[in-house]
Amino acid sequence: MAATGQNPLEAYGFLLRGAFGSVGSIGETFVKAIPLVFTGLAATFAYRCGIFNLGGEGQFIMGAVASAALITVFTETMNPVILLIVSLAAGIIAGGLWGVIPGILKAYFSLNEMIVTILLNYIAILFMDYLYSGPLKEANIPQTMAVAQESQLAKIFPGTRIHLGLIIAIIVVAVLYYFLFHTANGFKLRAVGLNPEASRVNGYDVKKILILTFIISGAIAGLGGSVELHGAQYRLMAGFGDGFGFDGVAIALIGQLNPIGTLLVAYFFAVLRTGANAMQIATGISTTVVDIIQALVIIFVIGSSFFTSQNILPKFFNRFHKGKKDNTAEEVL
């Protein structure tokens, strides 16, 4: 920022003001955090099993697509509350089914899951584009019909857009944390992630665990897509879900693959997203600075993990201290 002639402190001030300056902006920050929590949890759950699921965005989109299709077909014939529940369930199923594809290819054909999931992201995006521009198009506008107000997720704080999806996200965080760290099946999943060969020797069905992990990871992302559709965006259109998947991967890594850490980091990313627009309007600094900030955070977190895991700093100080002692001994001699 300083290199472009701007005042960094002033810019950060406007960024924070944009995220926390009013009740509405605080609410908007929480709204932006909700989808990031789901994609971050999807990546966290998969990584705990040693799987690099980069397909969170595609699974997120497919969950929203399933919900949008149901809304288009059944809005006038189904009870709105029942339609909401069925739609959320459809999002979970669609995301899980989209996740099972790379799971099977990984478990039985040893295909690289990163390449497969990235390619599936493009398929999901293009499929969504086809639907809102064709079969599900509303009149002559390339978008789906809006979710009826009766089928939207209820707002939980007056004067803000914070919706019930926040409670759903927190529940999913709690369930995943308990499952991963306080159940036998969670231990098996983490064991496979740490050492699949040792897990296989100990009688674990590694292929089954891999596939189930992909299914659950995809289901979490799919639920996130359905929640975003019912709680914030209300219709499919160009740009729906854009960037949520890869941000989720970054959030999972920065959160140390812990569901609670993922929740906190997702909120931090949402603060950057919400405040970026206010910063740009007030100072003229591009919102791409936020991407730079996110990248620097990732670099520092990964760097700190490397330094602590390799004990680099203690080794450095031990060598420094030893060298100082040797020099003192030489001086005495």
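Computed from a prediction, not measured in an experiment: that's the story for all the values here. (Residues numbered from 1 in each chain as written. Predicted model: local features only at pLDDT ≥ 70, side-chain atom pairs only at ≥ 80, totals over all residues. Heavy atoms only, no water.)

## A look at the overall build of the chain
This is how it is decided: Each helix corresponds to a stretch of at least 4 residues labelled H or I by DSSP, and each strand to a stretch of at least 2 residues labelled E; elements are numbered beginning at the N terminus. Two residues qualify as a contact provided that any one of their heavy atoms is within 4.5 Å of a heavy atom in the partner residue. Methods summary: accessible areas were calculated by the Shrake-Rupley approach with a probe of 1.4 Å, and residue burial reflects only the protein chains presented. For the purpose of counting charges, residues Lys and Arg are taken to be positive, whereas Asp and Glu are taken to be negative. His and the chain ends are not included. One atom stands in for each charge, and that atom is NZ of Lys, CZ of Arg, CG of Asp or CD of Glu.
Helix and strand counts for the chain stand at 13 helices and zero strands. Tracing the chain from N to C terminus, the helices and strands come up as α-α-α-α-α-α-α-α-α-α-α-α-α. By its C-alpha atoms, the chain is 95 × 60 × 30 Å across when sized along the principal axes. Taking contacts inside the chain between residues at least 6 apart in sequence as the whole, the part at least 24 apart equals 73%. Taken as a whole, the chain presents about 16700 Å² of accessible surface, with 68% of it coming from carbon and sulfur. Between the averaged position of the 19 positive side-chain charges in the chain and that of its 17 negative side-chain charges there is a distance of 9 Å.

## Some remarks on the packing of helix α2 (residues 23-48) against helix α6 (residues 165-182)
The following threshold applies: Only the stretch in contact is used when fitting a helix axis, every axis being a line fitted to C-alpha atoms; angles between N-to-C directions are given from 0 to 180 degrees. Just so you know how the angles are binned, under 35 degrees is roughly parallel, over 145 roughly antiparallel, 65 to 115 roughly perpendicular, and the rest oblique. Here is the rule for handedness: rotate from the far helix to the near one, and if that takes an anticlockwise turn smaller than a right angle the crossing is left-handed, while a clockwise turn gives right-handed.
Running from N to C, α2 and α6 cross one another at 20°; their axes reach a closest spacing of 9 Å. As judged from the angle between their axes, α2 and α6 are roughly parallel. In this structure, α2 meets α6 at a crossing whose hand is left-handed. Residues Phe30, Ile34, Val37, Phe38, Leu41, Phe45 and Arg48 of α2 lie in contact with α6, whose contacting residues are Gly165, Leu166, Ile168, Ala169, Val172, Val173, Leu176, Phe179, Leu180 and Phe181.

## Let's talk about the pattern of salt bridges
We apply this condition: The term salt bridge refers to a side-chain nitrogen of Lys or Arg lying within 4 Å of a carboxyl oxygen of Asp or Glu.
Scanning the entire structure with this criterion turns up five salt bridges. Ionic pairing is found between Lys106 and Glu113, a salt bridge with its closest N-O pair at 3.1 Å. Here Arg273 makes a salt bridge to Asp247, at a shortest N to O gap of 2.3 Å. Placement of Arg273 in helix α11 (residues 259-283) and of Asp247 in helix α10 (residues 244-254) is noted, with a sequence separation of 26 residues between them.

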